[in-house]
Amino acid sequence: MGRLQLGLTLSALMLLAGGASAADVKLVYVGEISGSIAVSGGNFRDGIILAVEEINARGGILKEKIALSQLDTQTNPGVARSQMQKAIDGDPYVVLGPIFSGNVKATMQMLQQAEIPHLIGGEAGELTALGDRYLFRTSFGQQIGMPKIANYIRDELKAKTVALIWVNNDFGKGGRDNLIKQLAERNIKLVADVSTESGQVDFAADVVKLKAANADAVFIYSNEEECARIMREARKQGLKGPFVGDTTLLSQKTIELAGDAANGVQGHVGLTADAPIPAVTEFTAKFQKRFNYKPDHNGIKGYTAVYAVKYVTEKKLGKFDRKAFAAAMHGLTIAPADEPAILIETTWDDVGEIDRISFLAEVVGGQQKITKVLPKLGK
Amino acid sequence: MADILQLLLAGLATGAIYALVAIGFTLLWQTSQTINFAQGEFVMLPAFFVLIGMSYFGMSFWPAVAVGAVVSVVVLGFLFKRLIVDPVIRHGVLPLVIATIGLAIFFKEAVREFYGADAQPFPPVVAAIDVTVFGVALAVQSLVVLAISIVAVAALQLFLNHTLTGRCMQASAQNPTVARLLGIPVERMILYTFLINAALVTLASILITPIYLAKFTNGEWLGLYAFIAAIVGGFNQVRGALVGGLLLGVIDNFAAAYLSSQYRMAIPLLILIVVILVRPQGLLGRVEERTV
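All figures in this text were calculated on a predicted structure; none of them were measured in a lab.

Trainee: Summarise the overall build of chain A; cite the residues concerned and give the values.
Mentor: Within chain A one finds twelve helices and 15 strands. Its C-alpha atoms give chain A a radius of gyration of 22 Å, near enough to 21 Å, the size a compact globule of 379 residues would have. Along the first, second and third principal axes, the C-alpha atoms of chain A reach 80 × 45 × 40 Å. A buried classification covers 55% of the 379 residues belonging to chain A. The long-range share in chain A, meaning contacts at least 24 apart out of those at least 6 apart in sequence, stands at 66%.

Trainee: How would you summarise the overall build of chain B if you had to cite specific residues and measurements?
Mentor: Broken down by element type, chain B carries eleven helices and two strands. Each helix (α) and strand (β) of chain B, taken in turn from the N terminus, gives the series α-α-α-α-β-β-α-α-α-α-α-α-α. Over its C-alpha atoms chain B spans a radius of gyration of 19 Å, differing by no more than 12% from the 19 Å that the globule rule assigns to 292 residues.

Trainee: How would you summarise the packing of helix α1 (residues 2-32) of chain B against helix α10 (residues 238-258) of chain B if you had to cite specific residues and measurements?
Mentor: All names here are of chain B. Across the interface, α1 lies against α10 with an axial gap of 6 Å and an inter-helix angle of 145 degrees. α1 and α10 meet at a crossing whose hand is right-handed. Considering only residue class, the contact of α1 with α10 consists of 20 nonpolar, nine polar and one charged.

Trainee: I'd like a description of the interface of chain B and chain A, backed by residues and values.
Mentor: Residue-level contacts link 24 residues of chain B with 27 residues of chain A. The element contributing the most residues to the side of chain B that touches chain A is α1 of chain B, with five residues. Tallied by class, the residues present in the side of chain B that touches chain A amount to 13 nonpolar, seven polar and four charged.

Trainee: For the nonpolar core, give the residues involved together with the corresponding values.
Mentor: By size, the foremost hydrophobic cluster in this structure holds 206 residues, and its most contacted members are Ala19 and Ala229 of chain B. Ranked by residue count, the leading element in this core is helix α8 (residues 186-212) of chain B, at 17 residues. When we break this core down by domain, the ones giving at least three residues each are domain 1 (23-139 + 277-348) and domain 2 (143-269 + 359-374) of chain A. Setting aside anything within four residues of it in sequence, one finds alanine 19 of chain B in contact with Ser149, Val153, Ala229, Ala241, Leu242, Gly245 and Leu246 of chain B.

Trainee: So, the domain arrangement of chain A: which residues are in play, and what are the values?
Mentor: All names here are of chain A. Annotation of chain A at the domain level lists domain 1 (23-139 + 277-348) and domain 2 (143-269 + 359-374). Computed from C-alpha atoms alone, the centre-to-centre distance between domain 1 and domain 2 is 28 Å. Across the contact, 15 residues belong to domain 1 and 16 residues belong to domain 2. Elements represented by at least two residues in the side of domain 1 that touches domain 2 include exactly α2 (38-57) and α4 (101-114). The element contributing the most residues to the side of domain 1 that touches domain 2 is α4, with three residues. Residues of the side of domain 1 that touches domain 2, tallied by class, amount to four nonpolar, six polar and five charged.

Trainee: Could you give me a rundown of helix α11 (residues 297-317) of chain A, with the residues and numbers involved?
Mentor: All names here are of chain A. In this model, α11 (21 residues) spans 28 Å end to end at C-alpha, consistent with the 30 Å of a helix rising 1.5 Å per residue. For α11, the buried fraction is high: 16 of the 21 residues fall into the buried class. Two residues or fewer after α11 comes glycine 318, characterised by a positive phi angle close to 75 degrees.

Trainee: Can you lay out the sheet that holds strand β3 (residues 94-96) of chain A for me, pointing to particular residues and giving the numbers?
Mentor: Residue and element names in this part refer to chain A. Strand order across the open sheet formed by five strands is β2-β1-β3-β4-β5, with parallel pairing between neighbours. The open sheet has two edge strands, β2 (66-72) and β5 (135-137), and neither has a second partner. Sheet twist, expressed as the average angle between the axes of neighbouring strands with direction ignored, equals 25 degrees. Sheet topology note: the β3/strand β4 (residues 118-120) ladder contains two bridges and is parallel. By the bridge assignment, leucine 96 is partnered in β4 with leucine 119. Along the sheet face, α2 touches β1 (25-31), β2 and β3 and points at about 170 degrees away from the line of β2.

Trainee: Could you give an account of the pairing of strand β9 (residues 243-246) of chain A, with specific residues and numbers?
Mentor: All names here are of chain A. Alternating residues of β9 divide into Phe243 and Gly245 and Val244 and Asp246, and every residue in both groups is buried. Note that strand β8 (residues 217-221) and β9 share three bridges and pair parallel. Note that in β9 the partner of valine 218 across the bridge is phenylalanine 243. Running through helix α9 (residues 252-258), the crossover from β9 to the neighbouring parallel element strand β10 (residues 266-269) is right-handed.

Trainee: Which residues make up the sheet that holds strand β13 (residues 354-355) of chain A, and what are the values?
Mentor: All names here are of chain A. Sheet architecture is open: three strands sit in the order β11-β12-β13, paired in antiparallel fashion. Only two strands of the sheet have a single partner each, and these edge strands are β11 (333-334) and β13. Of the pairings in the sheet, the one linking strand β12 (residues 346-348) to β13 comprises two bridges and is antiparallel in character. Considered in β13, the bridge of tryptophan 348 is made with isoleucine 354.

Trainee: Requested: an account of unusual backbone geometry, with residues and values cited.
Mentor: Across the chain, the bulk of peptide bonds are trans and the bulk of non-glycine residues have phi less than zero. Of note, the amide linkage connecting glycine 97 of chain A to proline 98 of chain A takes the cis form, showing an omega dihedral of -5 degrees. Within the fold, proline 98 of chain A resides in the loop between β3 and α4. Unlike most non-glycine residues, glutamine 74 of chain A shows phi in positive territory, near 55 degrees. In this structure, glutamine 74 of chain A sits in the loop between β2 and α3 (77-89). With 22 C-beta atoms packed within 10 Å, glutamine 74 of chain A lands in the buried category. With a phi angle near 70 degrees, leucine 213 of chain B is a residue other than glycine that sits in the positive phi range. When you line up the elements, leucine 213 of chain B lands in the loop between α8 and α9 (218-233).

Definitions and limits used
Residues numbered from 1 in each chain as written. Chains lettered and ligands numbered in written order. Predicted model: local features only at pLDDT ≥ 70, side-chain atom pairs only at ≥ 80, totals over all residues. Helix = DSSP H or I, 4+ residues; strand = E, 2+ residues; numbered from the N terminus. Rg over C-alpha atoms; globule rule 2.2 N^0.38 Å. Buried ≥ 20, exposed ≤ 12 C-beta atoms within 10 Å, placed from the backbone. Contact = placed C-beta atoms within 7 Å. Axes fitted to C-alpha atoms, helices over the stretch in contact; angles between N-to-C directions. Left-handed = near helix turned anticlockwise from the far one by under 90°. Nonpolar A, V, L, I, M, F, W, Y, C, P; charged D, E, K, R; others polar. Core = buried A, V, L, I, M, F, W, Y, C linked by C-beta atoms within 7 Å. Domains from an automatic or database assignment. Expected span 1.5 Å × (residues − 1). Pairing = 2+ DSSP bridges. Right-handed = clockwise from strand over helix to strand, strands pointing away.

Right, dumping it as structure tokens:
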């Protein structure tokens with residue numbers, strides 16, 4: 001082979017090897033960029049991108065720039081597994097995502113076996129009960145949120161009967177099971193239990209069933225798009241509320257898609273861009289300026305996840321060590337005084353479950369309005 | 001009683017959309033032996049043309065709809081025929097089927113890539129208010145969707161049966177060779193069919209997207225339901241497509257409400273199987289025989 005050909009070949013090989021230099025720290029986002037959970041996955045991804053850009057602008061983590069790659073699970077567990085394998089083959093420091101609980105369940109064992117820490121967006125209750133020492137949440141599991149909302153239904157709404165509509169996936173099933181347990185403990189009767197499909201567009205029949213139940217309150221637990229469609233159909237058919245939910249029902253995307261139909265819905269939100277906290281307000285403004293839309297709680301999850309990685313690596317370890325990272329995360333509390341970009345004081349327990357303050361909220365005039373701040377469960 | 005009326009109206013409104021889309025299937029099959037498996041994506045796209053007109057070119061809703069409709073008819077009618085159907089159909093029906101499947105994937109991924117994966121709100125054609133009929137609050141949106149669909153189908157039937165062009169189109173569909181001998185410009189009649197199909201899917205898109213939101217995946221389920229409606233009603237009869245669509249919409253809703261919402265996707269497929277086994281030409285279709 002001539003020198004020119006050799007040079008061209010080597011140059012091509014270097015280009016093909018990608019932009020990451022040997023000194024970069026690799027983070028991989030494996031999440032729902034398309035499919036039925038694309039709303040959540042896109043927010044989470046953009047939160048990550050914002051954090052990575054900020055950190056890299058200040059020199060990176062331990063003077064190494066973050067090389068972020070993104071892999072799309074298409075909200076499909078089969079695709080998620082192949083994408084996760086691709087991620088693992090790239091030898092990342094930490095994996096961020098998935099958000100869809102079904103995809104988390106499908107891939108967590110792979111990451112556990114590879115001993116790679118993963119900060120997930122999934123909220124299904126069982127995820128932290130499966131013994132994965134490398135898994136950490138970025139938002140409450142359902143077993144944390146549901147008792148809070150059940151108390152709200154009992155104490156504030158004074159409802160004796162509830163009609164429930166939920167999405168039939170790991171996220172929805174987990175929430176349904178948790179909620180039923182919490183309602184039973186508070187002597188609140190479940191008078192309708194309507195399951196729907198992920199990606200469903202027509203809810204006429206389901207709303208008819210909810211109407212027939214004639215409950216004191218209607219609990220809606222689905223993904224953002226489906227929540228919006230349910231609310232539109234509910235208003236169309238004159239279904240009487242109050243309409244209650246947890247996080248997704250009151251998210252920014254749901255409000256945007258449902259329009260006026262979202263006004264009046266109430267519920268518990270673990271994280272929200274409308275939290276009355278200056279750091280969160282500042283984050284929301286930065287996010288909106290960067291991406292031209294208002295983030296929902298998933299944007300905050302992605303953002304704070306990257307800063308948690310930065311804090312643990314720089315302040316607790318002083319080195320890149322995946323096993324030590326996972327060990328350091330258990331029992332860790334990061335306060336805004338220690339790392340301002342964590343936004344709200346956050347604690348991880350021994351199984352990767354997260355604890356923060358949370359909020360009760362209502363949608364008024366197309367905006368999420370916080371009505372109460374709820375304390376952390378632990379100290 | 002109120003619930004039954006509610007379900008019936010919602011089912012008829014949804015079924016009317018299936019009918020509009022299914023009629024396109026039957027028209028294309030009758031005139032050009034084209035089975036268009038991108039028909040669902042054809043319904044998905046016009047809404048995005050309107051959204052592009054509003055968000056990127058700053059148009060208000062109705063001008064964007066007008067421009068979107070013109071673009072849809074050109075792209076989904078004229079260009080689809082000239083660039084996809086004409087070159088491929090001479091190789092047979094099966095290559096064209098595969099080409100339309102590829103086209104469906106292309107449209108879907110193009111919207112996802114260049115517009116976004118998120119669902120988008122779409123302005124309603126009429127305000128989201130209710131009217132009370134026999135003591136039941138019914139959505140005006142659903143009534144309007146049903147009324148417009150019925151008027152569109154009636155207008156199409158009038159056009160096909162009572163205008164010279166319409167009768168030429170029917171002649172071209174029944175026997176293109178004899179139609180040519182009689183001086184009918186068969187190729188132009190086939191083009192008109194594609195343009196009418198594009199107009200029908202555009203109408204369906206404008207009616208249904210405010211209710212179901214604009215999303216790149218909308219075509220998947222809509223195309224499937226419309227195809228089933230066309231087969232159930234009769235693939236070679238426009239009236240059959242209408243009946244099939246309305247029937248499917250109503251049965252789907254009642255089955256989800258009173259049988260099982262978990263198995264609602266299976267109901268249309270079961271109906272399809274039963275019709276194919278018992279009456280393969282469809283409820284209103286004609287038996288067709290072909291020489292091999």
